[in-house]
Amino acid sequence: MTSMKDISVACGVSIATVSKALNDHKDIGEETKANIKRVAKELGYSPNSAARALKTNRTYNIGVMFSHDDQSGLTHDFFTYVLDSFKSTIEQHGYDLTFINSSKADSRRMSYLEHCRYRKFDGVAIICADFFDPEVEEIAKSEIPVVTVDHVFNDRISVVSDNVKGMHDLITYIYSQGHRRIAYIHGLHSGVTKSRLSSFYRTTEELGLKIPDEYIIEGAYRDTELAYRMTERLLELKKPPTCICYADDFAAFGGMNAIKERGLKIPDDISVAGYDGLRIGQHLEPRLTTLAQDTDKMGIAAAERLIRLIEKPRSAFTEMVVVEGELMKGQSVGKI
């Protein structure tokens, strides 16, 4: 097995210089650092993780909570894209990722926090979870460095999408297309739902619109069947809306099916808008009008903040990182 001593002999430098180069210390010249890394790779050098853990008091392993009550975690496009950029970023910094055991079927299972301590995670990212679960809250209140995505805990770093501006931009665009009767089938109660719904009401109020109570319906995220039924309810009103906004793009797909099955055309007879910016929505006919959340930037921000909290706790501070999205006009909102 190749050691740092082998690399030092091959490069003609000290073992200390090899160590600094492999750990990206700034007091080593870039050319020397690149040469040492090249030789290390050619010799098949692999750092001893156990020795590194003893030396740094870190395992270089980050726990990720990525599931939900409906088990949609790994199939949820928005969170999957966030996870992908998060994973790439932590790996670039030499960390591994391990999913936190979320199965509650076994009465002998450890709690989430017990699992984190057993694995000795350097930090935890809560990317998709029931944030009101007492076990999730227990992790957030623990001594372990934590970052959350799309939810804010007191005294914890969080990365959230700018839902207030996102909904404002979406509704303002729909209004600019001539729509005055705008309905909203929103998701279940959560911090995200509250921000979007409040922004919906504030924006329509600023635009001078009066939204009937029957135009606002509670649905659910990623529930196409419920969105289908709620859309039917709106279409049966004596004065139906000219545009329906949905909790997310998946819900919008269910609404679009209900509209098409009634023989109506989108956007000629009624307009539709989603939220999230899922890629599949841009391959529909018509292309879905939606607010695309910047999942790449959210994942990178979550990873970088967590790594800083782990490696430089004295200079890391609690903050809420707000990431703006982008309006995708698509073709599903017509002009009146």
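Being a predicted model, the structure only gives us computed values, none of them experimental.

Examining helix α2 (residues 15–22)
Then, in step 1: If you check which residues of α2 are buried, you get T17, V18, S19 and A21.
Then, in step 2: Looking one or two residues beyond α2, the residue adopting positive phi is D24, at roughly 60°.

Some details on the sheet that holds strand β2 (residues 96–99)
Then, in step 1: Ordered in space as β2-β1-β3-β4-β5-β11, the six strands form an open sheet in which the pairing is parallel. Pairing within the sheet leaves two strands with one partner each, and these edge strands are β2 and β11 (320–323). Averaged over all pairs of adjacent strands, the angle between their axes in this sheet comes to 20°, without regard to strand direction.
Then, in step 2: Packed onto the sheet, helix α12 (residues 295–311) meets β1 (61–66), β3 (123–128), β4 (146–149), β5 (157–161) and β11 and runs at close to 175° relative to β5.

Some points on the packing of helix α8 (residues 163–176) against helix α9 (residues 191–206)
Then, in step 1: Relative to each other, α8 and α9 sit at 40°, their axes nearing to 8 Å. With respect to each other, α8 and α9 are oriented oblique. For the pair α8 and α9, the sense of crossing is right-handed. Counting all contacts with α8, which are made through N163, V164, M167, H168, I171 and T172, the residues of α9 involved are V192, S195, R196, S199, F200, T203, T204 and E206.
Then, in step 2: Looking at side-chain class alone, the contact of α8 with α9 contains five nonpolar, seven polar and two charged residues.

Structural notes on unusual backbone geometry
Then, in step 1: The step from I266 to P267 runs through a cis peptide bond, and the omega angle for that step is 5°.
Then, in step 2: Within the element layout of this structure, P267 appears in the loop between α11 (249–261) and β9 (271–273).
Then, in step 3: The residue K120 is not glycine, and still its phi comes out positive at about 55°.
Then, in step 4: Mapping K120 onto the fold places it in the loop between α6 (112–119) and β3.
Then, in step 5: Taking relative accessible area as the criterion, K120 reaches 55% and is therefore assigned exposed.
Then, in step 6: One non-glycine residue, D150, lies in positive phi territory at about 70°.
Then, in step 7: Tracing the chain through its elements places D150 in the loop between β4 and β5.

Looking at the environment of F250
Then, in step 1: Note on placement: F250 falls in helix α11.
Then, in step 2: Judged by its relative accessible area of 22%, F250 falls in the partly exposed class.
Then, in step 3: When the C-alpha atoms of F250 and D77 are compared, they prove to be 9.6 Å apart, with 173 residues separating the residues in sequence.
Then, in step 4: Leaving out residues up to four positions away in the same chain, F250 has contacts with D77, R222, T224 and L278.

Thresholds, definitions, all that
Residues numbered from 1 in each chain as written. Predicted model: local features only at pLDDT ≥ 70, side-chain atom pairs only at ≥ 80, totals over all residues. Heavy atoms only, no water. Buried < 20%, exposed > 50% of the residue type's maximum accessible area, 1.4 Å probe, protein only. Helix = DSSP H or I, 4+ residues; strand = E, 2+ residues; numbered from the N terminus. Pairing = 2+ DSSP bridges. Axes fitted to C-alpha atoms, helices over the stretch in contact; angles between N-to-C directions. Contact = heavy atoms within 4.5 Å. Parallel < 35°, antiparallel > 145°, perpendicular 65-115°, else oblique. Left-handed = near helix turned anticlockwise from the far one by under 90°. Nonpolar A, V, L, I, M, F, W, Y, C, P; charged D, E, K, R; others polar.

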